[in-house]
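# Coordinate analysis (summary)
The lines below spell out each chain.
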Amino acid sequence: MKIFECGNCSHPLYFENESCEKCGHLSGYFGDNFMILTFDPTTSHLISDRDGNTFKYCENKGFGVCNWLIPASNENHFCNACELNRTIPDLSDNENFPKWQKLEVAKHRLVYQLERLKLPIPSKETNDSEGLCFDFISKGRRDKIMTGHANGVITILLSEADSVHREQMRKQLSEPYRTLIGHFRHEVGHYFWDRLVATNQSVLNDFRNLFGDERADYGDSLKRYYQTGASQNWQDNFISQYATSHPWEDWAETWAHYLHIMDMSETSYFFGMSVNPLLNDKSLCGSIAFDPYEIKDFGSIFNDWMPLSFAINSLNRSMGIPDAYPFVVSPTVVKKMTFIHQLLF
């Protein structure tokens, strides 16, 4: 994600900041120009320090889960991210509220990235056939509902916002990585497969050449995967073990990792990050000197991202914590990511 700064005093701000910690001006994110706007807190209206326009906050700011802005003249009460919510948890349960907050942080970051990619994300409320919505649900003991996607509805269990539960599931499923933003990126990948691949026969043929034939029975494929696992050489062709279960899951996993790499690359660009290790081998030298959302060649993005990823993993190991990106990206997986990038650009 890009770096944000206060429009009044230029102090750096996080994406989720509701005010500037230095000057006290109110702050909020405005998606039309991908900027954080700031406002004099002593005035009765939200008049931007940058352009003088008047705004209002998304109604969910009252719950402390959103800082997004809407033009004051707009009749909408919810921002582009919050209007995608179909179901939120029972907020009278005190245990639900902090989990919902964590889900909203991840979802807002997802929507930011999808908008940077110029992807249409209509609300299912206004476009039932092609729209998207989110159900954030607390699972009961007898409920069979799971985190997943079906016909534009992305369901995320509230338990995924519990770091202890998430770690237990990560170990149970032998996953090297399990995060909220990872869940959102994976599930929205299924939604965009329906939008970008399934409806275009030419694209679908190219998909099958890379990912396999999605007409293979999905239920049988998952059952077989959970019974036998992935083959020993799965890393040659897949980004994760779960990606081997079915072409749909291969797409969703690859899509999620493509978004990981694009987001890390954007962050690296705006921080001016580069690495030039003291080694004779210069393959680990890299610098992302471009905004990845403006580059058509995914190979350039990947080649400059990889050394930075290695450096970040090395820093994590210095602190005794897991790698930030604990995956091997094979040439075949790069081809799959390139296929996704070309669809979008």
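Residues numbered from 1 in each chain as written. Predicted model: local features only at pLDDT ≥ 70, side-chain atom pairs only at ≥ 80, totals over all residues. Heavy atoms only, no water.

- The name given to the protein in an unreviewed UniProt entry is Zinc-ribbon domain-containing protein, and the organism recorded there is Algoriphagus aquimarinus.

## So, the overall build of the protein
- Looking only at helices and strands, one finds eight helices and 13 strands in the protein.
- Scaling as 2.2 N^0.38, a compact globule of 345 residues should have a C-alpha radius of gyration of about 20 Å, and the protein matches this with 21 Å.
- Taking the principal axes of its C-alpha atoms as reference, the protein extends roughly 65 × 60 × 45 Å.
- Counting all 345 residues of the protein, 45% fall into the buried class.
- Pairs at least 24 apart in sequence give 55% of the contacts found in the protein among residues at least 6 apart.
- Total accessible area computed for the protein in this model is approximately 17,700 Å², and 49% of it derives from carbon and sulfur atoms.
- Here the protein holds 32 positive side-chain charges and 44 negative ones, and the gap between their average locations is 5 Å. (Helix = DSSP H or I, 4+ residues; strand = E, 2+ residues; numbered from the N terminus. Rg over C-alpha atoms; globule rule 2.2 N^0.38 Å. Buried < 20%, exposed > 50% of the residue type's maximum accessible area, 1.4 Å probe, protein only. Contact = heavy atoms within 4.5 Å. Areas by Shrake-Rupley, 256 points an atom, 1.4 Å probe, with all protein chains shown as cover. Lys, Arg positive; Asp, Glu negative; His and termini not counted. Charge placed at Lys NZ, Arg CZ, Asp CG, Glu CD.)

## Concerning a nonpolar patch on the surface
- On the surface, a nonpolar cluster with roughly 260 Å² of combined accessible area is contributed by I3, F271 and M273.
- As for its position among the elements, M273 is in the loop between α6 (247-270) and β12 (274-275). (Patch = residues over 30% accessible without salt bridge, like charges linked within 9 Å, V, L, I, M, F, W, Y side chains within 5 Å. Salt bridge = Lys/Arg side-chain N within 4 Å of Asp/Glu carboxyl O.)

## A word on the side chain of E160
- By the secondary structure assignment, E160 is in the loop between β11 (153-157) and α2 (163-172).
- Residue class for E160 comes out buried when judged on its relative accessible area of 4%.
- A polar contact is formed between the side chain of E160 and the side chain of H183, at a distance of 2.9 Å.
- Those residues in contact with E160, other than ones at most four positions away along the chain, are T147, H165, R166, R178, L180 and H183. (Polar contact = N/O pair within 3.5 Å; in protein donor to acceptor, adjacent residues only side chain to side chain.)

## Let's talk about the confidence of the model for the protein
- On average, residues of the protein carry a pLDDT of 93, and 98% of them reach 70 or more.
- Put simply, α2 is where the protein has its lowest mean pLDDT, 73, and helix α8 (residues 331-344) is where it has its highest, 98. (pLDDT = per-residue confidence, 0-100.)

## Describing the pairing of strand β9 (residues 133-137)
- Burial of β9 is extensive: five of the five residues sit out of reach of the surface.
- Side-chain alternation along β9 places C133, D135 and I137 on one buried face and F134 and F136 on a second face that is also buried.
- Pairing geometry for strand β8 (residues 85-87) and β9, over two bridges, is parallel. The partner of N85 across the bridge, within β9, is F134.
- Taken together, β8, helix α1 (residues 96-116) and β9 constitute a β-α-β crossover, and its handedness is left-handed.
- Of the strand pairs in this sheet, β9 and β11 are connected by five bridges, and their pairing is parallel. Bridge pairing in β11 places I137 opposite L157. (Pairing = 2+ DSSP bridges. Right-handed = clockwise from strand over helix to strand, strands pointing away.)

## So, the packing of aromatic side chains
- Taken as a whole and assessed by the stated rule, the structure comprises 34 aromatic pairs.
- Seen from their ring centres, F192 and W255 are 5.3 Å apart, and the 20° between their planes marks the pair as stacked. Of this pair, F192 sits in helix α3 (residues 180-196) while W255 is found in helix α6, placing the two residues 63 residues apart along the sequence.
- Taken together, the ring pairs connect Y191, F192, W193, F207, F211, Y218, W248, W251, W255 and F339 into an aromatic cluster.
- In this arrangement the basic side chain of K61 is found over the ring face of Y57, its NZ or CZ atom lying 4.7 Å from the centre. (Phe/Tyr/Trp six-rings, centres within 6.5 Å; stacked < 30°, edge-to-face > 60°. Lys NZ or Arg CZ within 6 Å of the ring centre and 35° of its normal.)

## Comments concerning the domain arrangement of the protein
- Assigned domains within the protein: domain 1 (4-83), domain 2 (84-188) and domain 3 (200-344).
- Centre-to-centre, using C-alpha coordinates, domain 1 lies 24 Å away from domain 2.
- Carbon and sulfur atoms make up 60% of the area that domain 1 and domain 2 hide from each other, which totals about 1,400 Å².
- Run the count over domain 1 and domain 2 and you get one salt bridge.
- Inspection of the region where domain 1 meets domain 2 yields seven residue pairs in polar contact (both at pLDDT 80 or more).
- Residue classes in the side of domain 1 that touches domain 2 are distributed as eleven nonpolar, four polar and two charged. (Domains from an automatic or database assignment. Buried area = accessible area lost by both parts, 1.4 Å probe. Nonpolar A, V, L, I, M, F, W, Y, C, P; charged D, E, K, R; others polar.)

## Let's talk about the sheet that holds β11
- The mixed open sheet is built from four strands, whose spatial order is β8-β9-β11-β10. One side of each edge strand has no neighbouring strand; the edge strands of this open sheet are β8 and β10 (148-150). On average, each strand axis in the sheet is inclined to that of its neighbour by 30°, with strand direction left out of account.
- Running over the sheet, α1 touches β8, β9 and β11 and is turned about 160° from β9. (Axes fitted to C-alpha atoms, helices over the stretch in contact; angles between N-to-C directions.)

## Remarks on the UniProt feature "domain: Zinc-ribbon" (unreviewed entry) in the protein
- In this numbering, the UniProt entry assigns the feature "domain: Zinc-ribbon" (unreviewed entry) to residues 4-93.
- Between the first and last C-alpha atoms of residues 4-93 the distance is 34 Å; the span itself is 0% helix and 29% strand. (UniProt positions renumbered as here; feature names shortened; annotations may be inferred.)

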